[in-house]
Amino acid sequence: MADTMVKTRWVYAFGGGSADGDASMKNLLGGKGANLAEMSSLGLPVPPGFTVTTEACVHYYSNDKAYPPNLKEQVAEGLKTVERITGKSFGDAANPLLVSVRSGARASMPGMMDTVLNLGLNDQTVEGLAKLSGDRRFAFDSYRRFIQMYSAVVLDLDHHMFEEILDDHKDRLDVHVDTGLTAEDWEAVVADYKAAVQSELGKPFPQDPTEQLWGAVGAVFASWMNDRAKFYRRMHDIPESWGTAVNIQSMVFGNMGDGSATGVAFTRNPSTGENRLYGEFLINAQGEDVVAGIRTPQPLTKIAREEMGDTNPSMEEALPEVFLQFKAVVEKLEKHYRDMQDIEFTVEQGRLYMLQTRNGKRTAKAALRIAVDLASEGVIDKTEAVMRVEPSSLDQLLHPTIDPSSPRDVIASGLPASPGAATGKVVFTAEEAEKLGGSGEAVILVREETSPEDIRGMDAARGIVTARGGMTSHAAVVARGMGRPCVSGAGEIHIDSRAGEFRARGQTIRAYDVVTIDGSTGEVLRGAVKMIEPELSGDFGTLMGWADEVRRLKVRANAETALDAQTARQFGAEGIGLCRTEHMFFDPARIAAVREMILADDVAGRKQALAKILPMQRQDFVELFKIMEGLPVTIRLLDPPLHEFLPHTEEDVQAVAEATGLDAAKLMRRAQEMHEVNPMLGHRGCRLGVSYPEIYEMQVRAIIEAACEVAAQGRPQPIPEIMHPLVAKGEEMKFLRQLTDKTAKEVIAEKGVEIVYMVGTMVELPRACLRAGDLAEYAEFFSFGTNDLTQTTFGISRDDSGRFLNAYIEKGIFDKDPFVSLDQDGVGDLIRIAAERGRAVRPDVKLGICGEHGGDPASIQFCESVGLDYVSCSPYRVPIARLAAAQAAIGEREKDR
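Residues numbered from 1 in each chain as written. Predicted model: local features only at pLDDT ≥ 70, side-chain atom pairs only at ≥ 80, totals over all residues. Heavy atoms only, no water.

### Let's talk about the overall build of the protein
- A tally of helices and strands in the protein yields 36 helices and 34 strands.
- Its C-alpha radius of gyration of 32 Å places the protein within 12% of the 29 Å reference for a compact globule of 897 residues.
- Projected onto its principal axes, the C-alpha coordinates of the protein cover approximately 100 × 70 × 55 Å.
- Residues counted as buried form 57% of the 897 residues belonging to the protein.
- The contacts in the protein between residues at least 6 apart in sequence include a share of 68% that link residues at least 24 apart.
- Counting every atom, the protein has about 36,300 Å² of accessible surface; 48% of that belongs to carbon and sulfur. (Helix = DSSP H or I, 4+ residues; strand = E, 2+ residues; numbered from the N terminus. Rg over C-alpha atoms; globule rule 2.2 N^0.38 Å. Buried < 20%, exposed > 50% of the residue type's maximum accessible area, 1.4 Å probe, protein only. Contact = heavy atoms within 4.5 Å. Areas by Shrake-Rupley, 256 points an atom, 1.4 Å probe, with all protein chains shown as cover.)

What follows is the structure, given as C-alpha cells:
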C-alpha cells in the first residue's frame with residue numbers, strides 16, 4: 001500500500017514550451033491547469049508553474065484535511081522547476097521568485113474560490129524586488145496587495161479593514177486613485193497593514209515564504225467548501241466530489257508602470273455572440289483590479305472605445321505592438337479550441353503573458369449565435385452546434401425587454417453588462433435582496449460593486465446595478481451566467497448605503513423605490529416601464545431546427561387554458577401531455593355547480609349538477625382541440641379529493657352560501673364529512689371515478705363531444721387521449737376502460753362522427769409500476785406522473801419537503817432535490833420496470849412523463865435512455881426540453897459507437 005501511495009503523482013508542471021499535462025486532463029488538473037498546460041505546449045507565452053491535482057483536494061477532504069503523502073516533496077520539486085526556468089529563487093532576498101496561488105475546478109466557477117497573488121514577498125524580498133525592478137513604488141504596491149489578499153483569504157481578516165486604512169491614506173494625501181500614491185506612501189500603507197494584522201491576531205504577518213505557500217494552498221482547498229462555492233455548485237449541478245486543483249505559477253506584473261497592463265478578453269462578444277474581440281484592460285494594474293471593479297477599465301479596441309465614447313486610450317492605441325501580438329494569440333486559441341475563449345493576460349514592461357484561457361461563459365443569445373456561426377464557418381458541424389448550447393440557458397431568451405415605444409425616464413447610465421430588462425424595488429445589500437426576493441418581491445440589487453459573497457442576493461434579485469466595474473467584472477460575469485440583466489460601471493450613481501439611497505443626475509432614489517434596468521443599453525430608469533415578450537427566431541430557429549432533426553423524443557406541454565396551449569404551440573410543442581381538468585372546475589363561473597354536485601345526496605342529484613358543468617367542460621376541450629390542430633391532447637380526468645372544492649371555515653361557508661344560495665349548514669357538514677387525515681393518499685384520482693362514475697362519464701362525454709364538434713367543422717381530426725389518474729390495479733383499469741369506451745361509443749353514435757381516441761393511465765404509484773403488465777391489458781398509454789411517483793416512492797410530501805431537503809443536500813445524502821431532477825436510481829428503476837412489463841403485454845404502449853421532470857435536462861436524458869416516447873413540461877420549458885432531447889439522442893448514439 002505504501003509503495004502505491006509513493007507512486008501517486010500529485011503535481012504536474014508547465015512552462016518553458018512544454019508541459020506534463022494537456023487540455024484533455026481537465027478532470028485531474030482542473031480547467032485552468034489543463035489549459036495552462038495546453039497553452040504551454042502550443043508555445044504561447046505562459047509564466048511557468050505547476051498544478052496540484054483535484055485528487056489531492058479529494059484526498060484532503062477524505063482524510064480529515066490532511067495533505068497527501070509526498071505532496072510537499074512534489075511541490076518542492078515543482079518550485080525547483082519554476083526556479084530553473086525563471087532564473088529566480090523562492091524566498092531569495094536578492095532575486096526572489098514570487099508566485100500566484102489560484103483555484104481551478106474542472107467546471108468554471110468564476111469568483112467562487114480563492115486566489116492569492118504576489119506570494120513570497122516579505123520585509124526582505126520586497127527590497128530585493130525593488131532593487132531588481134528599479135521601481136520601489138511597484139515593489140511596495142505589490143507587497144501591500146499581498147498583505148491584504150493573504151490576510152483576507154488565509155488569515156480570515158476582514159478585507160474592509162485594509163480598504164479603510166488605504167482610504168484614510170488617500171484622503172490624507174488628497175489622492176483619488178491608487179496610481180497617485182508614491183513609493184513612500186505605499187511603505188506607510190504596508191506598515192499600517194502589518195500593524196493591523198498584529199493587532200487583530202496578536203502575532204506578526206507571516207514572513208516565511210514556505211509558510212505563506214502552504215497557508216495559501218490550504219485556503220484554496222478550504223474555499224472549495226465555502227458557502228458561495230457550495231451555493232454555486234448547487235445552482236449549476238457541479239458535484240462536490242470533484243474537488244479543485246491548485247495552480248501555483250510564477251508572477252508576472254502588470255503594475256510595473258505605463259508599459260505594463262492586465263486585462264480580460266473574449267474572442268467573441270459574450271452578451272451578443274458577435275464575432276469581434278471584446279474585453280477590457282487596465283494600465284499599471286494587477287488582475288484583481290479588473291475583475292473586482294476597483295477601477296473602471298478601458299476597452300481593448302479602438303472601435304469599442306469610440307462606440308462607448310471613452311476618452312481613455314484603448315489597448316490597441318496605448319500598446320499597439322503588444323496588441324497585435326495579443327490579437328494573433330487569441331485568434332490562435334479560438335481556432336485551437338474551436339470555441340469562444342475567455343482569456344486573462346498580463347503585459348509586463350511590454351512583454352505579453354497568457355494567464356488563462358477557457359471556454360467563455362455567455363448568455364443564451366450569444367451561445368446560440370456563436371454555435372450557429374461556428375457551424376456556418378465550418379469550424380464545427382450541426383450536431384456539435386446543438387451540443388454547444390446549455391438547454392437550461394434558453395430560459396434567458398424568454399426574459400422580457402423594454403417596449404421601444406415606452407417613455408424612458410433615464411436616471412443613470414453604465415455599461416450594458418448582461419442583456420434583458422427587469423423592474424423591481426431598489427435594495428442595497430445582498431442580504432436584503434435574498435430576504436425580499438425569497439418572499440416573492442421583485443428587487444433590483446444596487447451596489448458599489450459586487451463580490452463573490454453576494455452570490456445569493458444576486459440570484460434572488462431580478463437585476464443588478466453596480467456603480468463601479470466593467471464588462472468583465474464579477475457582477476457582469478456572474479449576471480450573464482445567471483441570465484440576470486445587469487448594468488455595471490454606472491459611475492454617476494453615488495450610493496449612500498447608511499441613508500439607504502443613491503443619487504444620480506440630481507435625483508434621489510431611496511430603498512424600495514421602483515426602478516427598471518435595461519441590461520442591453522446600460523440604462524437605469526425611474527419607475528416601472530412597459531415590457532414586451534421576446535420573439536424566438538433567427539439563430540434560435542436555426543439551432544432548434546437542427547435539434548429537431550436529431551431528436552427522437554416528442555415534446556408536449558402541460559396546458560389547460562387556451563393561452564397555455566397557444567404558448568406551447570409557439571414554442572414548438574407537439575401536443576398536450578397533461579391537461580388537468582380540476583383547474584377548469586375551480587373557475588368562478590362553474591364552482592357553484594361543482595359544489596352543488598358534491599352536496600347532492602344521490603346519483604340523480606349529482607347528474608343534475610354535472611349537466612350544468614358539461615357544456616362548459618365541452619367548450620374548454622373545443623378550444624384546446626382547435627389550437628392543437630390534430631396533435632394529441634392528453635386529458636386527465638378529475639384527480640383531487642372533492643373536499644378541496646368546498647369552503648372550510650365558518651366565515652367562508654357563510655360567504656359561499658350567501659353567494660350561491662346553497663345551504664350553509666349542509667356545506668359545513670359535508671366539508672367535515674369529507675375531511676381526510678392524509679388526502680394525498682385518500683379519496684382522489686380514479687377512486688372518484690369508481691365511487692362516482694357519473695363524474696368521469698360527464699368528462700368523457702365532454703371530451704368526445706368536443707372532438708366531434710371540431711371534426712365536424714372540417715378542422716384537423718382531434719386526437720383525445722383520456723387519462724385515468726392514480727390507478728394501482730388492473731381491475732381498476734378494466735372498470736375505467738369499460739366506463740370510458742361505453743360513454744365514448746354512445747357519443748360517437750349520437751353525433752355520427754368517427755373519432756379515434758386512446759385510453760390510458762397516469763402512473764403515480766410504485767404498485768402501478770410493478771404491475772404495469774396488468775394495467776397494459778386495458779391501458780393504451782402510460783404517462784408517468786413523476787411528481788406523485790416521487791412522493792409515493794420516497795414517502796416524502798413535496799409540499800413539506802422544503803423544510804428538510806436542503807439539509808439532505810448539504811450533507812450529501814441527496815445530490816439534488818428529487819422533485820426537481822428525477823431520482824434515476826429509485827424512481828427511475830420503477831419507470832424502467834413499468835416500461836419493460838407494460839411493453840411485454842402491449843408492445844405498442846405509448847410511454848411518456850408529465851411531471852415537472854419533463855422540463856429537466858438530466859431527467860430528459862434518462863427518458864431517452866429508457867426509450868420513452870415523449871416528455872411533457874410547462875409551456876415555457878418546451879424549448880429547453882426540445883434541445884435537451886436532441887442532446888440526449890446524440891449522447892445515446894455516441895454510446896452505441
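### Some details on the sheet that holds strand 13 (residues 351-359)
- Pairing is antiparallel across the open sheet formed by five strands, whose spatial order is 11-10-9-12-13. With one partner strand each, in any of the chains shown, strand 11 (298-299) and strand 13 form the two edges of the open sheet.
- Note: strand 10 (residues 278-283) against strand 11, two bridges, orientation antiparallel. By the bridge assignment, E280 is partnered in strand 11 with P299.
- Against the sheet, helix 14 (residues 320-337) engages strand 9 (261-266), strand 12 (341-348) and strand 13, with an angle of about 25° to strand 13. (Pairing = 2+ DSSP bridges. Axes fitted to C-alpha atoms, helices over the stretch in contact; angles between N-to-C directions.)

### Regarding the sheet that holds strand 30 (residues 719-725)
- As summarised here, the arrangement of the eight strands in space is 27-28-29-30-31-32-33-34, forming a closed barrel in which the pairing is parallel. On average, adjacent strands in this sheet sit at an angle of 25° to one another, irrespective of strand direction.
- The strands touched by helix 34 (residues 827-841) within the sheet are strand 32 (781-784) and strand 33 (846-849), with strand 32 carrying the most contacts at an inclination of about 175°.

### Let's talk about the packing of helix 21 (residues 562-570) against helix 24 (residues 603-628)
- Axis separation between helix 21 and helix 24 bottoms out at 10 Å; the angle between their running directions is 10°. In terms of orientation, helix 21 and helix 24 fall into the roughly parallel class. Within the contact between the two elements, helix 21 uses A562, A565, Q566 and R569 and helix 24 uses E623, L624, I627 and M628.
- Classifying every residue of the contact of helix 21 with helix 24 gives five nonpolar, one polar and two charged. (Parallel < 35°, antiparallel > 145°, perpendicular 65-115°, else oblique. Nonpolar A, V, L, I, M, F, W, Y, C, P; charged D, E, K, R; others polar.)

### Focus on the pattern of salt bridges
- Counted by the stated rule, this structure contains 64 salt bridges.
- Salt-bridge contacts for R268 lead to E377; the nearest nitrogen and oxygen are separated by 3.0 Å. Residue R268 is located in the loop between strand 9 and strand 10, and its partner E377 is located in the loop between helix 15 (364-376) and helix 16 (382-387); the two are separated by 109 residues in the primary sequence.
- In this structure R268 comes out as buried when scored by relative accessible area, which is 2%.
- The shortest N-O distance in the salt bridge between K846 and E721 comes to 2.9 Å. Of this pair, K846 sits in strand 33 while E721 sits in strand 30, placing them 125 residues apart in sequence.
- Taking relative accessible area as the criterion, E721 reaches 0% and is therefore assigned buried. (Salt bridge = Lys/Arg side-chain N within 4 Å of Asp/Glu carboxyl O.)

### Points about the packing of aromatic side chains
- This structure, assessed with the given rule, holds 17 aromatic pairs.
- An aromatic cluster is present here, built from Y60, Y61, Y67, W214 and F221 joined pairwise through their rings.
- Above the ring of Y12, the side-chain terminus of R9 is found at 4.3 Å from the ring centroid.
- When the ring centre of W224 is taken as reference, the NZ or CZ atom of R233 above it lies at 4.1 Å. (Phe/Tyr/Trp six-rings, centres within 6.5 Å; stacked < 30°, edge-to-face > 60°. Lys NZ or Arg CZ within 6 Å of the ring centre and 35° of its normal.)

### So, the side chain of Q249
- Looking at where Q249 falls in the secondary structure, it is placed in strand 8 (residues 244-250).
- Its relative accessible area of 3% is what places Q249 among the buried residues.
- In this structure the side chain of Q249 is engaged in a polar contact, spanning 3.0 Å, whose partner is the backbone oxygen of P47.
- Excluding residues that lie within four positions of it along the chain, Q249 makes contacts with F14, L36, V46, P47, P48, G49, L98, V99, S100, M354 and L355. (Polar contact = N/O pair within 3.5 Å; in protein donor to acceptor, adjacent residues only side chain to side chain.)

### Topic: the state of the cysteines
- Under the definition given, this model contains zero disulfides.
- With no disulfide partner, C850 has as its closest neighbouring cysteine sulfur the one in C863, 11 Å distant.
- According to the relative accessible area criterion, C850 is buried, its value standing at 2%. (Disulfide = S-S within 2.5 Å.)

### Quick notes on helix 9 (residues 209-223)
- Here helix 9 contains 15 residues, and its C-alpha end-to-end distance of 21 Å stays within 8% of the 21 Å for a straight helix at 1.5 Å per residue.
- Across the 15 residues of helix 9, eleven count as buried, placing the element largely inside the fold.
- Restricting attention to buried positions, one finds in helix 9 the residues P209, Q212, L213, W214, A216, V217, G218, A219, V220, F221 and S223.
- Of the residues that open helix 9, the one with a side-chain oxygen 3.1 Å from the backbone nitrogen of T210 is D208. (Expected span 1.5 Å × (residues − 1).)

### Focus on the pairing of strand 6 (residues 99-105)
- Counting buried residues along strand 6, seven of its seven residues qualify, which places the element largely inside the surrounding structure.
- Side chains V99, V101, S103 and A105 of strand 6 all project onto a buried face; the interleaved residues S100, R102 and G104 project onto the opposite face, where all are buried too.
- In this structure, strand 6 lies alongside strand 7 (residues 115-119), joined through three bridges in antiparallel fashion. Across the sheet, residue R102 finds its bridge partner in strand 7, namely T115.
- As paired elements, strand 6 and strand 8 share seven bridges and run antiparallel to each other. Opposite S103, over in strand 8, you have V246 as the bridge partner.

### Focus on the side chain of S133
- Note that S133 resides in helix 5 (residues 125-133).
- From its side chain, S133 meets the backbone oxygen of A130 in a polar contact 3.4 Å long.
- A distance of 3.2 Å separates a polar side-chain atom of S133 from the backbone nitrogen of D135.
- Non-local contacts of S133, meaning those with residues more than four positions away in its chain, are made with F138 and M256.

### Quick notes on unusual backbone geometry
- Backbone geometry at D237 places phi at a positive 55°, although glycine is not the residue there.
- Structurally, D237 is set in the loop between helix 10 (227-236) and strand 8.
- Using a relative accessible area of 47% as the deciding quantity, one classes D237 as partly exposed.
- The phi dihedral of N284 is positive, around 55°, even though this residue is not glycine.

### Some remarks on a nonpolar patch on the surface
- On the surface, a nonpolar cluster with roughly 270 Å² of combined accessible area is contributed by F804, Y808 and I813.
- Mapped onto the elements of the fold, Y808 is located in helix 33 (residues 805-810).
- The exposure class assigned to Y808 is partly exposed, which follows from its relative accessible area of 35%. (Patch = residues over 30% accessible without salt bridge, like charges linked within 9 Å, V, L, I, M, F, W, Y side chains within 5 Å.)

### Focus on the pairing of strand 8
- Burial analysis of strand 8 places seven of its seven residues in the buried class, the great majority of the element.
- With burial as the criterion, each face of strand 8 is covered, one bearing T244, V246, I248 and S250 and the other bearing A245, N247 and Q249.
- Note that strand 3 (residues 49-52) and strand 8 share four bridges and pair antiparallel. Bridge pairing in strand 8 links G49 to Q249.

### A short note on the environment of E492
- Tracing the backbone shows E492 in the loop between strand 20 (486-488) and strand 21 (494-496).
- Each C-alpha atom, one on E492 and one on L29, is 43 Å from the other, the two residues being 463 residues apart in sequence.
- Reaching out from E492, the side chain makes a polar contact with the side chain of R505 at a distance of 2.9 Å.

### Observations concerning the nonpolar core
- L642, I704, F782 and F784 are the most contacted members of the largest nonpolar core, which totals 105 residues.
- Per element, the largest residue contribution to this core is twelve residues, and it comes from helix 28 (residues 693-712).
- Beyond its immediate chain neighbours, meaning those up to four positions away, F784 contacts V763, C769, L789, I831, A834, A835, L847, G848, I849, C850, G851 and L868.
- Within the second largest apolar cluster, 85 residues are counted, among which are A105, F146, A196 and A433. (Core = buried A, V, L, I, M, F, W, Y, C linked by side-chain atoms within 4.5 Å.)

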